[in-house]
Each structure stands twice: as structure tokens, then as C-alpha cells.
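Each chain is listed here by its residues.
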Amino acid sequence: MIPTQTEIKRAQELRQLLQQASYAYYVLDAPIMEDAVYDQLYRELQQLEAEYPELVTADSPTQRVGEKPATHFTSVRHNIPLYSLENAFNLEELQAWEQRWRRQVPPTDSAEYVTELKIDGSALALTYQNGILVRGATRGDGEMGEDITQNVRTIRSIPLRLNFDGLENLEKIEVRGEAFLPLEVFQNLNERRQKAGEQLFANPRNAAAGTLRQLDSRIVAQRRLDFFAYTLHIPGMDDASIANTQWEALELLQKLGFRVNCEHRLCQSLAEVAEYYKYWDTERLNLPYMTDGVVVKLNSYKLQEQLGFTQKFPRWAVALKYPAEEAPTRVENIAVNVGRTGALTPLAEMRPVELAGTTVSRATLHNSDRIAQLDIRIGDTVIVRKAGEIIPEVVRVLKELRPSDTQPFVMPSHCPVCGQPVVRETGEAVTRCVNASCAAILKGSIEHWVSRDALDIKGVGEKLVHQLVDKGLVHAVADLYTLTKEQLCELERMGQKSAEKLIQAIAQSKNQPWSRVLYGLGIRHVGSVNAQLLTDKYRTVEQLATAKQSDIEGIYGIGAEIAQAVYQWFRIDANQKLIARLKATGLKLENTQVQSAVSSSNQKLAGKTFVITGTLPTLNREQAKELIQTAGGKVTDSVSKKTDYLVVGKDAGSKLAKAESLGITQLTEAQLLEILGKTE
Ligand code: IVH
């Protein structure tokens, strides 16, 4: 079928409307359209495009959700190489840099600098052809990068079509900038990974780089990368024909529809640059993204051109870095920890050092590849780093200080806990213990089972779990439910009363919903969000256990990796037996009536962001949060322009004041329950 003129025009109009709304939301941070209206227009466009695939354009907002996974990325040569920046670590080095560039150009009295924040992410090179984004590539080695266009399209603050009024003659434009993960997104991502038993990203930079190189762009779309543009080039044309200064270039980038970091300044002297640097030394900790310094650029393109580049750097710019939170210390031992997924994680045990305000004595070494790469040995002096909330890591080994008698570290061939042979599958970095009855795996899985987001069994801590397993009282989570008072009383520091309380707490966990039980099973990649998605679709464990892998993957938000992990978990005999036992104890392995009501109205709060403040009359924070999340809403900690509702209880503090100043709708607990249809 061929679309009518009206339909062609409508598709165009919808694209434009949606683009404007998305630009206002993601770039300007000033929404112009209700979410519901956006969703409706989006669906209308989706339907039109489904009916007439020829109406789909590369810049259509529907192209941002990601496509089916790629098998690899293609290498591409950059139209203009991506240079790196020379570093200066203090003001003396900055002065030396100024003296150097001054010697290379005819004497100039004053020189204007533009100072920008140095965003700690991953550089991207974007190519636009006649205003349409045609290629996005990683930096690579500066000459060659990888074509990651599919992934770049999912970044909402990168325009798919430029705002091109009056610049139509610019056939080809190259824009460079930094893709990054906002801190909040990074923390949420790592929390989810921790819960799902996956390896954590060491910092937002690694997370951004890892995300950009994801072969499945649908995962990239979910990760909420952001982008700040910082340079603009027109291949084959003198850059000065579009702007004369870096300042003008930043203005132009903004006009074209990019997000430009708004903290850039014009400085008339190095003294002003120094002020900017000092100001951001402390102030950067309040930013919602990571920075690792400031970039100082000569403003004038004419001067930039006169100075040119060295092999690696522009002579007209320098990165003035902040000292990283790093320190040297000695490795006293390399221990191997076995987690609940069986993964063997080597840990460096070090002489304690002060870093970023805390004492650090252990750092993860991730896996044997990382160890080989570092060539770290017991007795080595190493540099450890810790930044903000991030887990400490060993950055490098000071080989020149290595004692003469050290041995390379070898990953054990047998599990240090159960003594069974370990396995490292081809293509995997992780070595695993695969003995399902390994005490370490068992302890880890019980700790996970009783944890707050799973079955939430109060009073069962790490020490108790260790005793239960070591004394042979518990061989699987199902054994928790048959523990007797007599057995418990034999444990250290356990009286009659506490034993009774414990048995009661364990019994009570049988009332927990199916989604928590599923999460508690600790299937790889199944965090609490995924568990909710799965149990919304598969209302009983039998349905899930017999579901086809392709059907599981069909759930919106569930990727191939997750589907495979779930499918395979249910194919293992021991797991089937565990399920049968759990069922026999009376645990809920299906949705009950009440929960079905919730799931059928599941999307009531979809797309809405909530903040809770003060003490609510009946619900505690966690309960309120869970109710909102189950209904598709999002709960954040701080009030911003993006907050839709503030749920207010007694003794509300500054959040209420802020919400009032922003005109955010307030709800009482009763109103919230009413919206959710939860009133009596
Ligand atoms: S300008 C030739 N400006 O820092 C110009 N780079 O250490 C080179 N970066 O690879 C880049 N914020 O990924 C520039 N405002 C900024 C930046 C910035 C972060 C990154 C960029 C570059 C690296 C060099």
C-alpha cells in the first residue's frame, strides 16, 4: 500500500513535533509537552510507520529505541583525526604551557581562553550529512574508531536531525563531544548489577565506554547515556568560515540542537583560568556527572590554526586535571573470594591507605585477565584509586619497587572453599566454581534469599548463615523452612526467644509475592526489576518454567542474555527439585488475586517520577516505593524539574520547600492509594 499525501504530511508533522518535544526535554531541560501527549503522538507515528515502512526516516524519533543486536562493530577511519589533550596537573604546568605556545606565534598581548569542564566519559565523533546523523564512532586510536551509529542513535540529547536554518549549504558536519553516564544512572546501574550478581563497573567512564560498545542497542537505549558537544568541524572547509572562535562554535552547536555544557567561561588571563579551576575543584562534587579537570582552549581559531598540532595534541589546548584520588600501598596478599554465582574474584589485601576520605585495605582485581594485564604479585607496591562511591581498584603496579623473590599469581584450579575443580569457559573472563553444593555459593545464595529486596527475612545475617551451612543444617534455601527450635538453640548466642522469633520470621516470608521469590532464587541477570517483569507475564512458576526462550525474550525490557539465563536455569534438574520443595513449604510461586489487580493496572504510573518526603501515616518508605514502582512509576531521592509528584508525610523538610518553589503536584498517602485503586 502507498501512503496518501495526508499520511505523508502527518508523519512529517509528527516527527517534527516529537523532535521539538524531545529537544526541549533532553537538551533544554524545559519540557513543552505532557508525557501522555508525547506518548500518544509517538504511538500514532509508530502506527503510520508500521503500516508504511517507507515512511520511516533515519531521523525519526522511533529510531531511538535500538535495533536487534549487531554481531560486531566495523572499523571506520575518522574524517578528521581525534586528538587527545596534553595534561597539566597544577598552575605552574599551566603557565609553562602558556609560555610554550606564546613562543610559537608572533607576540600577542592578550589571549582569550575558553575554559570548559573536562567531562569524564567517552569521546564520540558524529557525522551529519545534509543535517541528518549518518555516523557515530568511538575515538579508537584517534585515526580509526568503531562505527557505533546504532548505539549513538539511542542517546536522546544527540539530535538525529540538525536544526539547520540558514546553514543548508553545510553538506557535511563533524561534531565531537563526550558521551557520559550521569552519576545517578551509573549508581542505579551498578546497584542492579550487584543484585543480579553481575560484575560492577568501576566508574562512570568505564560504564559509558562499555555501554557504547554494547552490541545490543536496545540495552544501550535503556542505559540513558547523555552527551555534551564541544567541537565542530566542516571537513574540507576552513573552520573559520562558520565560526571565528571556540566560543562562537559552542553557540553554534547549541543552535544546531546539541547539548553544550553550560559551565564554559571566557577568560581574559591565566589568573582567571586559575580562578575557574579552583572554583570547580570543590564545586564539581555537586555536579550530577563526573569531571576530572578543566579544559583550557585558546578562543581564537586564527591562533589555533597558527599553532596546529603535535603528533598527539593540539598546541592550543590543555587539560588542567584535578589530582585523582590515588595512593601507593603494598599488596600483602591476594585472596580469592567465591560469590553466590560461583565467580572467583581475586582481591588484593593491602596495607591500609587513606583515599577520598576512607581507609582502603582491599581492592578487587576482577579476574585473571585483569591480573595478567597488571602483572600484580604479592609484595608489589601498587597505586590504588577510589573516587566517590566507587569500589577501590588497583590502577598499576610500580614494577621498579618489586622485591626480587615474587611469584606471578595463578588462579587456583580448584575452588578455595569446596575444593572442586573450577571452570573457565572459552571467551569468558570469569573463573567459576560450578559445584552447586559449594558452601560459598550456598552461603551467598542464602544471604541473597533473606535480603531485603528478596524474601526479607529479618534476623538472618551473615554470621548466622555461615553457622547454618557449616553445621550442615541448611543445604538449600528450602531447608530454612524446616529448621526447628531445637536445632537453632544449639547455635552460638541463640536463646529460646530469638529462635522462636526467627522461625516466625522465616514462616512469615511465605507470604512474600512471587516476584520476590523469583528474585530470591538468584538467577543470573534477574534483579528485582526483571523479576517483576517476568512475574507480570508468567503468573505461575509452571508457566515460566515451561516458557520458550524466545517468548521470555519477547517481554519488553528483557534482553537475550536474561532470557537465556532464565530458560537454562529451569532446565537444571536440581533447580526443578528446589522449586518443588519450595512449593511444598507453602511459598508463593504464583500471583495471587490481589497482585493480579496490581499487574493489570500495572502501567498506571508509567513514566511518572515520584519523590517521597516525611513520615507517611501507614506506609513506610520501602512500601510506598514498592507500590509506586509496581505501578510503573519511578522513585528518586531528590526533587528536580523532572519530578512529577511529591508524596508528602509528616515533618517534611527541604524537599517540600523545593517542590513548592517548582510548582510540583503534592500527594498525600491517601491520594496516592486512591490513584492506585488501593482504597478500601
Ligand atoms: S577537547 C582537540 N573538550 O578529554 C580537542 N575534550 O583527555 C580535544 N574531554 O579525548 C578534545 N571534556 O574525550 C575537549 N570540554 C572538553 C572535554 C574533552 C572531556 C575528553 C575528550 C578527550 C579527552 C582528552
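Keep in mind that this is a model prediction, so the values were computed, not measured.

Draft legend 1. Structural view of the overall build of the protein. The secondary structure content of the protein amounts to 25 helices and 22 strands. Relative to a compact globule of 680 residues, whose C-alpha radius of gyration would be 26 Å, the protein shows 28 Å and is just as compact. In terms of overall dimensions, the protein has C-alpha extents of about 90 × 80 × 55 Å along its principal axes. Residue burial in the protein is summarised as follows: out of 680 residues, 49% are buried.

Draft legend 2. Local environment of the pairing of strand E12 (residues 326–338). The sheet contact formed by E12 and strand E15 (residues 381–385) spans five bridges and is antiparallel. Opposite Arg330, over in E15, you have Thr381 as the bridge partner. Taken together, the seven bridges between E12 and strand E13 (residues 344–355) define a ladder with antiparallel strand orientation. Bridging across to E13, Asn337 finds its partner in Thr345. Remark: five residues form the turn of the hairpin made by E12 and E13, two consecutive strands paired antiparallel; Gly342 in that turn has positive phi of roughly 90°.

Draft legend 3. Highlighting the nonpolar core. Grouped together as the largest cluster of nonpolar side chains are 53 residues, with contacts concentrated most on Trp449 and Leu480. Listing elements by their share of this core, those giving two or more residues are helix H12 (439–450), helix H13 (462–470), helix H15 (496–508), helix H16 (514–520), helix H17 (528–537), helix H18 (541–546), helix H20 (560–569) and helix H21 (573–585). Setting aside anything within four residues of it in sequence, one finds Trp449 in contact with Ala454, Leu455, Asp456, Ile457, Val477, Leu480, Tyr481, Val517, Gly520, Leu521, Leu582 and Leu587. Membership of the second largest hydrophobic core comes to 37 residues, among which are Phe73, Leu162, Ile173 and Ala207.

Draft legend 4. A look at the packing of helix H1 (residues 5–26) against helix H2 (residues 35–51). Orientation of H1 relative to H2, taken along the N-to-C sense of each, is 145°, at an axis distance of 10 Å. The handedness of the crossing between H1 and H2 comes out as left-handed. When H1 is examined against H2, the residues Glu7, Arg10, Ala11, Leu14, Arg15, Leu17, Leu18, Ala21 and Ser22 are found in contact with a partner set consisting of Tyr38, Leu41, Tyr42, Glu44, Leu45 and Leu48. Across the contact of H1 with H2, the residue classes tally to ten nonpolar, one polar and four charged.

Draft legend 5. Quick look at empty space enclosed by the protein. Across all of its chains, the model carries one cavity of 30 Å³ or more by this definition. In this structure, the largest cavity spans a volume of roughly 90 Å³. Lining the largest cavity are Glu116, Leu117, Ile119, Glu178, Phe228, Ala229, Tyr230, Leu250, Val260, Asn261 and His264. Elements with a minimum of two residues in the lining of the largest cavity: strand E3 (113–119) and strand E8 (226–233). Here the lining of the largest cavity is built from residues that sort into seven nonpolar, two polar and two charged.

Draft legend 6. Structural detail: the pairing of E3. In terms of residue burial, E3 counts as a mostly covered element, since seven of its seven residues are buried. Two strands pair when backbone bridges link them, and E3 and strand E9 (residues 265–267) are joined in this way by three bridges, in the antiparallel orientation. In the sheet register, Thr115 faces E9, and the bridge partner there is Arg265. With seven bridges joining them, E3 and strand E10 (residues 291–298) adopt antiparallel strand pairing.

Draft legend 7. Focus on the environment of Ala24. Along the chain, Ala24 turns up in helix H1. Residues in contact with Ala24, not counting those within four places in the same chain, are Asp29, Ala30, Pro31 and Ile32.

Draft legend 8. Layout of the sheet that holds E3. Ordered by their spatial adjacency, five strands build an open sheet running E2-E11-E10-E3-E9, and the pairing between neighbours is mixed. Each of the sheet's edge strands pairs with one partner strand only, and the pair in question is strand E2 (87–88) and E9. Running at roughly 50° to E3, helix H8 (residues 246–256) makes contact with E3, E9 and E10 of the sheet. Across the sheet, helix H9 (residues 270–283) is in contact with E3, E9, E10 and strand E11 (317–321); its angle to E3 comes to roughly 20°.

Draft legend 9. Main features of the pattern of salt bridges. Under the defined criterion, the tally for this structure stands at 32 salt bridges. Ionic pairing is found between Arg218 and Asp216, a salt bridge with its closest N-O pair at 3.1 Å. Owing to a relative accessible area of 8%, Asp216 belongs among the buried residues under this scheme. Members of the salt-bridge network, linked through shared partners, are Asp375, Arg377, Asp380 and Arg402.

Draft legend 10. The packing of aromatic side chains, seen in detail. Taken as a whole and judged by the stated rule, the model has 15 aromatic pairs. Grouped by ring-pair contacts, the aromatic residues Tyr83, Phe309 and Trp316 constitute a single cluster. Just above the ring of Tyr567 sits the side chain of Arg571; from NZ or CZ to the centre is 4.0 Å.

Draft legend 11. Broad picture of the site of the ligand. The environment of the ligand is made up of Tyr83, Leu85, Glu116, Leu117, Lys118, Ile119, Ala123, Glu178, Tyr230, Val295, Lys297 and Pro314. Within the side chain of Glu178, a nitrogen or oxygen atom sits 2.5 Å from an oxygen atom of the ligand. Contacts to the ligand include Tyr230, whose side-chain N or O atom sits 3.3 Å from an oxygen atom. Burial of the ligand by the protein amounts to 88% of the accessible area it has alone, namely 530 Å². At four residues, the largest contribution of residues to the shell around the ligand is made by E3. Considering only residue class, the shell around the ligand consists of eight nonpolar, no polar and four charged.

Draft legend 12. Quick look at the environment of Val65. Mapped onto the elements of the fold, Val65 is located in the loop between H2 and strand E1 (75–77). Look at Val65 and you get partly exposed, because its relative accessible area is 39%. Residues Val65 and Leu473 lie 408 residues apart in sequence; the distance between their C-alpha atoms is 49 Å. Residue contacts for Val65: discarding those within four places in its chain leaves Tyr42, Thr154, Ser217, Arg218 and Ala221.

Draft legend 13. Spotlight on unusual backbone geometry. Positive phi, close to 45°, is recorded for Asn130, a residue that is not glycine. Structurally, the position occupied by Asn130 is in the loop between strand E4 (122–129) and strand E5 (132–138). Although it is not a glycine, Asp651 sits at a positive phi angle of roughly 55°. For Asp651, the position within the fold is in the loop between strand E21 (645–648) and helix H24 (654–662).

Draft legend 14. Fine view of the sheet that holds E21. Strand order in this open sheet of four strands is E20-E19-E21-E22, and the pairing throughout is parallel. Of all the strands in the sheet, just strand E20 (634–635) and strand E22 (665–667) have a single pairing partner and so form its edges. Relative to E20, strand E19 (residues 609–613) is paired through two bridges, and the arrangement is parallel. Among the inter-strand pairings, Phe610 is bridged to a residue of E20, identified as Val635. In the packing of helix H23 (residues 621–630) onto the sheet, the strands contacted are E19, E20 and E21, and the crossing angle to E19 comes to about 165°.

What counts and how
Residues numbered from 1 in each chain as written. Predicted model: local features only at pLDDT ≥ 70, side-chain atom pairs only at ≥ 80, totals over all residues. Heavy atoms only, no water. Helix = DSSP H or I, 4+ residues; strand = E, 2+ residues; numbered from the N terminus. Rg over C-alpha atoms; globule rule 2.2 N^0.38 Å. Buried < 20%, exposed > 50% of the residue type's maximum accessible area, 1.4 Å probe, protein only. Pairing = 2+ DSSP bridges. Core = buried A, V, L, I, M, F, W, Y, C linked by side-chain atoms within 4.5 Å. Contact = heavy atoms within 4.5 Å. Axes fitted to C-alpha atoms, helices over the stretch in contact; angles between N-to-C directions. Left-handed = near helix turned anticlockwise from the far one by under 90°. Nonpolar A, V, L, I, M, F, W, Y, C, P; charged D, E, K, R; others polar. 1 Å grid on protein atoms, 1.4 Å probe; cavity = no way out; pocket = protein on both sides within 12 Å on 5 of 7 lines; lining within 4 Å. Points joined across faces, edges and corners; volume = space filled by probe spheres on them. Salt bridge = Lys/Arg side-chain N within 4 Å of Asp/Glu carboxyl O. Phe/Tyr/Trp six-rings, centres within 6.5 Å; stacked < 30°, edge-to-face > 60°. Lys NZ or Arg CZ within 6 Å of the ring centre and 35° of its normal. Near = heavy atom within 4 Å. Polar contact = N/O pair within 3.5 Å; in protein donor to acceptor, adjacent residues only side chain to side chain. Areas by Shrake-Rupley, 256 points an atom, 1.4 Å probe, with all protein chains shown as cover.

By themselves these figures say nothing about function.
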